[in-house]
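So the chains spell out like this:
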Amino acid sequence: MKFPLDLGVETHSRAAGAGAGRCTRIIGGLAVLALAGLLQSCSLMKIAYNQAPELVYWQLDRHFDFTDAQSLQVKADLDKLQAWHRQTQLPGYIEALQKLQKQMPSDMDAAAACAIYTDVRGKLVLLSRQAEPPMATLVGSLQAGQLKNLERRFAKGNEEYREDFLEASPKAQRDKRYKEAVKRAEMLYGRLDKKQLAVIERRIDASHFEAPRSYAEKIRRQQDALHTLHPLVAGQATPEKTQAAVRGLFERTLNSPDAAYRDYMEKLTQDACVTLAELHNSTTPAQRHKAVETLHRYEQDFRTLNAQKS
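Caption draft 1: Structural context of the overall build of the protein. Within the protein, the secondary structure is distributed over 14 helices and zero strands. The helix and strand sequence of the protein, counted from the amino end, reads α-α-α-α-α-α-α-α-α-α-α-α-α-α. For the protein, with 310 residues in total, the buried portion stands at 51%. Summarising the internal contacts of the protein: among those between residues at least 6 apart in sequence, 86% fall at separations of at least 24. For the protein, the exposed area adds up to about 14,300 Å²; of that, 55% sits on carbon and sulfur atoms.

See below:
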């Protein structure tokens with residue numbers, strides 16, 4: 001899930017997986033259950049949430065090429081994960097949306113914007129913790145050839161990232177990020193005026209985003225994933241050891257062991273918080289009213305989803 005004004009590496013659909021490393025499709029895919037369609041149209045959001053297990057399965061299968069037995073297990077585990085999320089997590093999303101609706105009519109400072117990011121990150125951490133046992137089960141059943149398939153997917157993602165962020169001209173990179181940021185903002189507030197578009201342009205120009213730094217972390221995470229998974233495949237480790245290794249991998253994905261990268265990500269987060277606050281404060285009463293209406297529709301959709309039987 002992306003906020004409307006996340007101006008860092010993950011403002012672009014192909015970069016979203018790349019910024020976290022292709023191994024984190026495991027986490028990023030599972031996060032679809034938590035955040036599917038948050039800034040899409042309401043009808044699409046409900047469809048995406050209900051189809052999330054199939055969507056996540058498809059993403060994982062592309063990376064590992066499951067056997068028939070693995071397919072059955074993964075599909076069952078994803079259904080259970082969605083049932084847990086529907087019953088235990090959606091009420092928190094409803095509450096968060098209610099709070100956001102109350103905030104929309106007033107101005108917002110960077111601290112308030114960052115509180116939104118912190119809340120979403122906390123929800124992703126909870127989801128990753130719940131996903132650890134089924135992921136450990138899957139890892140223990142993988143074969144060496146499936147890790148080769150994962151490496152090939154890594155290579156493809158690396159090529160896409162380089163094309164988008166390392167080989168493209170600075171103007172092309174900037175235009176891509178600008179268009180994506182505008183698209184996300186207009187999904188919440190409606191059409192932006194010239195002054196508001198200028199806010200996004202200025203904030204993109206002031207961003208701390210550095211493609212090479214993000215790419216280096218992407219490669220680190222890929223190497224970490226392969227180094228972690230190789231000793232665990234084909235049941236070479238005990239279930240306890242496998243789950244501990246998966247937990248460590250998830251943790252290093254969410255919190256890089258590279259202190260310099262953590263500092264960099266903190267700067268990007270602050271960039272996004274300031275941008276969200278500045279843009280929100282530039283909106284008109286009518287745009288804020290539209291944002292409230294949009295968030296209210298999301299709230300009602302989550303209520304409907306929460307009430308549905310798994």
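Now, onward.
Caption draft 2: Representation of the nonpolar core. Membership of the largest hydrophobic core comes to 32 residues, with the highest contact counts inside it found for Tyr189, Ile200, Leu276, Leu295 and Phe302. Those elements that provide at least two residues to this core are α3 (42–50), α6 (90–103), α7 (110–141), α9 (170–189), α10 (194–206), α13 (259–282) and α14 (285–307). The greatest single-element share of this core, amounting to six residues, is contributed by α9. Ala131, Val139, Ala237 and Phe250 belong to the second-largest nonpolar core, a separate cluster that totals 29 residues.

Caption draft 3: View of the confidence of the model for the protein. On average, residues of the protein score 85 in pLDDT, and 85% of them reach the 70 mark or higher. Every residue in residues 7–42 scores below 50 in pLDDT, and together they form 111 contacts with partners more than four places removed in sequence or on other chains.

Caption draft 4: Main features of the environment of Gln236. By the element assignment, Gln236 lies in the loop between α11 (211–229) and α12 (239–254). Assessed through its relative accessible area of 56%, Gln236 is described here as exposed. Along the chain, Gln236 and Gly140 lie 96 residues apart, while their C-alpha atoms are 7.5 Å from each other. Ignoring sequence-local partners within four residues, the contact set of Gln236 consists of His230 and Pro231. A polar contact is formed between the side chain of Gln236 and the backbone oxygen of His230, at a distance of 3.3 Å. Polar contacts involving the side chain of Gln236 include one to the main-chain carbonyl oxygen of Val233, which spans 3.0 Å.

Caption draft 5: Seen up close, the pattern of salt bridges. According to the stated counting rule, one finds 19 salt bridges in the structure shown. With its nearest N and O atoms 2.9 Å apart, the salt bridge here joins Asp119 to Lys123. Taken together, the positions of Asp119 and Lys123, both in helix α7 and four residues apart, correspond to about one turn of that helix. A salt bridge links Lys171 to Asp175; the shortest N-O distance between them is 2.8 Å. With Lys171 and Asp175 both in helix α9 and four residues apart, this pair spans about one turn of that helix. Look at Asp175 and you get partly exposed, because its relative accessible area is 23%. Three or more residues joined by partner-sharing salt bridges are found here, namely Glu217, Arg220, Arg221, Asp224 and Arg252.

Caption draft 6: Summary view of the packing of aromatic side chains. Counted under the stated rule, the structure contains seven aromatic pairs. Ring geometry for Phe64 and Phe66: centres 6.2 Å apart, planes at 15°, overall stacked. You'll find Phe64 and Phe66 in the same group, each marked buried. Every member of this aromatic cluster is reached through a ring pair, and the members are Tyr161, Phe165, Phe209 and Tyr215. Taking the ring centre of Tyr57 as reference, the NZ or CZ of Lys75 above it sits at 4.8 Å. The side chain of Lys123 reaches across the aromatic face of Tyr93, ending 5.3 Å from its centre.

Caption draft 7: Seen up close, unusual backbone geometry. Phi at Asp65 takes a positive value of approximately 55°, unusual for a residue other than glycine. Among the structural elements, Asp65 can be located in the loop between α4 (52–64) and α5 (68–88). Of note, Ala234 is a non-glycine position whose phi angle comes to about 55°, a positive value. Following the sequence through the fold, Ala234 ends up in the loop between α11 and α12. On the basis of relative accessible area, Ala234 is assigned to the partly exposed category, the value being 45%.

Caption draft 8: The packing of α6 against α14, seen in detail. Taken N-terminus to C-terminus, the directions of α6 and α14 make an angle of 165°; their axes are 9 Å apart at the nearest point. In terms of orientation, α6 and α14 fall into the roughly antiparallel class. Here the hand of the crossing between α6 and α14 comes out left-handed. For the pair α6 and α14, contact is made by Leu90, Pro91, Tyr93, Ile94, Leu97, Gln98, Leu100 and Gln101 and by Val292, Leu295, His296, Tyr298, Glu299, Phe302, Arg303, Leu305 and Asn306, respectively. Of the residues assigned to the contact of α6 with α14, the class counts are 11 nonpolar, four polar and two charged.

Caption draft 9: Seen up close, α10. Taking 1.5 Å as the rise per residue, α10 with 13 residues should run 18 Å; its terminal C-alpha atoms sit 18 Å apart, in good agreement. Buried residues of α10: Gln196, Val199, Ile200, Arg203 and Ile204, and no others. The buried residues of α10 occupy an angular sector of 125° when projected down its axis, which confines them to one face. Facing away from the buried surface of α10 by more than 90 degrees, the exposed residues are Lys194, Lys195 and Asp205.

Conventions we followed
Residues numbered from 1 in each chain as written. Predicted model: local features only at pLDDT ≥ 70, side-chain atom pairs only at ≥ 80, totals over all residues. Heavy atoms only, no water. Helix = DSSP H or I, 4+ residues; strand = E, 2+ residues; numbered from the N terminus. Buried < 20%, exposed > 50% of the residue type's maximum accessible area, 1.4 Å probe, protein only. Contact = heavy atoms within 4.5 Å. Areas by Shrake-Rupley, 256 points an atom, 1.4 Å probe, with all protein chains shown as cover. Core = buried A, V, L, I, M, F, W, Y, C linked by side-chain atoms within 4.5 Å. pLDDT = per-residue confidence, 0-100. Polar contact = N/O pair within 3.5 Å; in protein donor to acceptor, adjacent residues only side chain to side chain. Salt bridge = Lys/Arg side-chain N within 4 Å of Asp/Glu carboxyl O. Phe/Tyr/Trp six-rings, centres within 6.5 Å; stacked < 30°, edge-to-face > 60°. Lys NZ or Arg CZ within 6 Å of the ring centre and 35° of its normal. Axes fitted to C-alpha atoms, helices over the stretch in contact; angles between N-to-C directions. Parallel < 35°, antiparallel > 145°, perpendicular 65-115°, else oblique. Left-handed = near helix turned anticlockwise from the far one by under 90°. Nonpolar A, V, L, I, M, F, W, Y, C, P; charged D, E, K, R; others polar. Expected span 1.5 Å × (residues − 1). Arc of directions from axis to C-beta.

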